[in-house]
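The residues making up each chain are set out below.
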Amino acid sequence: MVQVKDLLPVQLKHYDRCLRVIERRVSGLQSRKILDWGGGSGPLSSRLIAGGCTDVTRYDYLEPEMITFPNLKNAKYVKATETSALPFQATPFDVVISLGVLEHVPFVSDSLKEVYRVLKPSGYFFVFAFPQRSAPLPWISSLLGRDPHPRKYSMRDLQRTLLDHGFYVRKSWRFYFLPKHLSGFPRPLQKLYSLFTPLIYAIDEIIGILPIINRLCASVECYAMKVPYMETLSTFDDYLKPE
């Protein structure tokens, strides 16, 4: 469980970056209904609320009292009781966010069908920090016994999977060349590393846009929209390539 006191600047900036990406893509975000799917103890929900969002629902398996961010005390929280099914009526949300969640669900297809169901038409689905298959960092972590990710995709795999479930991927990108969590390393070393936060993120931004080299980034990310007509496409080749 993530606690406020445990977060270093290099980690907090990760959530701020996600917030900035969403703000750039979704107009009037502050008044939209947002689902922080698998939001854990709430670091992203906390940043959304701090950014002015007034209707954020956090959904996770944690007990409600396990809230460590002060501004979440009056926020909506729904405790998960099913592996895939979401306990919401159809189409209540304008935005659904998966930050390090989709790669962990036991049944990807069932979960994506549920995300599609609870999104409004033309609603936004953001996928952050999905492990990229070609990146060395996750494989190194696996060799060290520190990689908790059971699923890794290429960018094309992620696009195809979302397309197959009715989502139009508007934009995809790669990120996370340098680590943001030094789990297992001494705390003083983590704090020293965090002093270089602006440089770390600047390098990530540059590496992420360089062809071929960006395949070394640990994550593929994207934002997609719920577009019903996408369900009529029969093959991946019929798909309009994202911008």
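To be clear, the structure that these remarks concern was listed above.
This structure is a prediction, so every number in the text was calculated from the model and none was measured.

A separate point is the layout of surface pockets. Counted as a void, the second largest pocket has a volume near 310 Å³. If you trace the second largest pocket, you find 15 residues lining it, with Arg 24, Trp 173, Arg 174, Glu 205 and Ile 209 closest to the centre. Those elements that provide at least two residues to the lining of the second largest pocket are α1 (9-25), β6 (167-175) and α7 (197-208). It is α1 that provides the largest number of residues to the lining of the second largest pocket, a total of five residues.

Under the criterion given, the structure shown has 11 aromatic pairs. Their ring planes at 25° and their centres at 6.3 Å tell us that Tyr 124 and Tyr 223 sit as a pair that is stacked. On the criterion of sequence distance, the pair formed by Tyr 124 in strand β5 (residues 119-131) and Tyr 223 in strand β7 (residues 219-226) is long-range, its members being 99 residues apart. Here Tyr 124 and Tyr 223 have matching classes, each one buried. Here the basic side chain of Arg 17 rests over the ring of Phe 175, its NZ or CZ set 3.8 Å away from the ring centre. Across from the ring centre of Tyr 116, 4.6 Å away, lies the NZ or CZ of Lys 226, which sits over that ring.

Turning to the nonpolar core, a few remarks are in order. Generally speaking, nonpolar side chains in soluble globular proteins are found buried as a group. One finds Leu 29, Ile 34, Leu 48, Val 95, Ile 97, Phe 126 and Phe 128 to be the most contacted residues of the largest nonpolar core, which totals 36 residues. Every element with two or more residues in this core is listed here: α1, α2 (43-50), β4 (93-99), β5, β6, α7 and β7. Residues in contact with Val 95, not counting those within four places in the same chain, are Val 26, Leu 29, Lys 33, Ile 34, Leu 35, Leu 119, Tyr 124 and Phe 126. Counting residues in each nonpolar core, the second largest holds 29 residues, with Val 96, Val 105, Val 220 and Ala 224 among its members.

Attention shifts here to α1. End to end, α1 covers 24 Å across 17 residues, agreeing with the expected 24 Å (1.5 Å per residue, within 8%). Buried residues of α1: Val 10, Gln 11, His 14, Tyr 15, Arg 17, Cys 18, Leu 19, Val 21 and Ile 22, and no others.

Analysis parameters
Residues numbered from 1 in each chain as written. Predicted model: local features only at pLDDT ≥ 70, side-chain atom pairs only at ≥ 80, totals over all residues. Heavy atoms only, no water. 1 Å grid on protein atoms, 1.4 Å probe; cavity = no way out; pocket = protein on both sides within 12 Å on 5 of 7 lines; lining within 4 Å. Points joined across faces, edges and corners; volume = space filled by probe spheres on them. Helix = DSSP H or I, 4+ residues; strand = E, 2+ residues; numbered from the N terminus. Phe/Tyr/Trp six-rings, centres within 6.5 Å; stacked < 30°, edge-to-face > 60°. Buried < 20%, exposed > 50% of the residue type's maximum accessible area, 1.4 Å probe, protein only. Lys NZ or Arg CZ within 6 Å of the ring centre and 35° of its normal. Core = buried A, V, L, I, M, F, W, Y, C linked by side-chain atoms within 4.5 Å. Contact = heavy atoms within 4.5 Å. Expected span 1.5 Å × (residues − 1).

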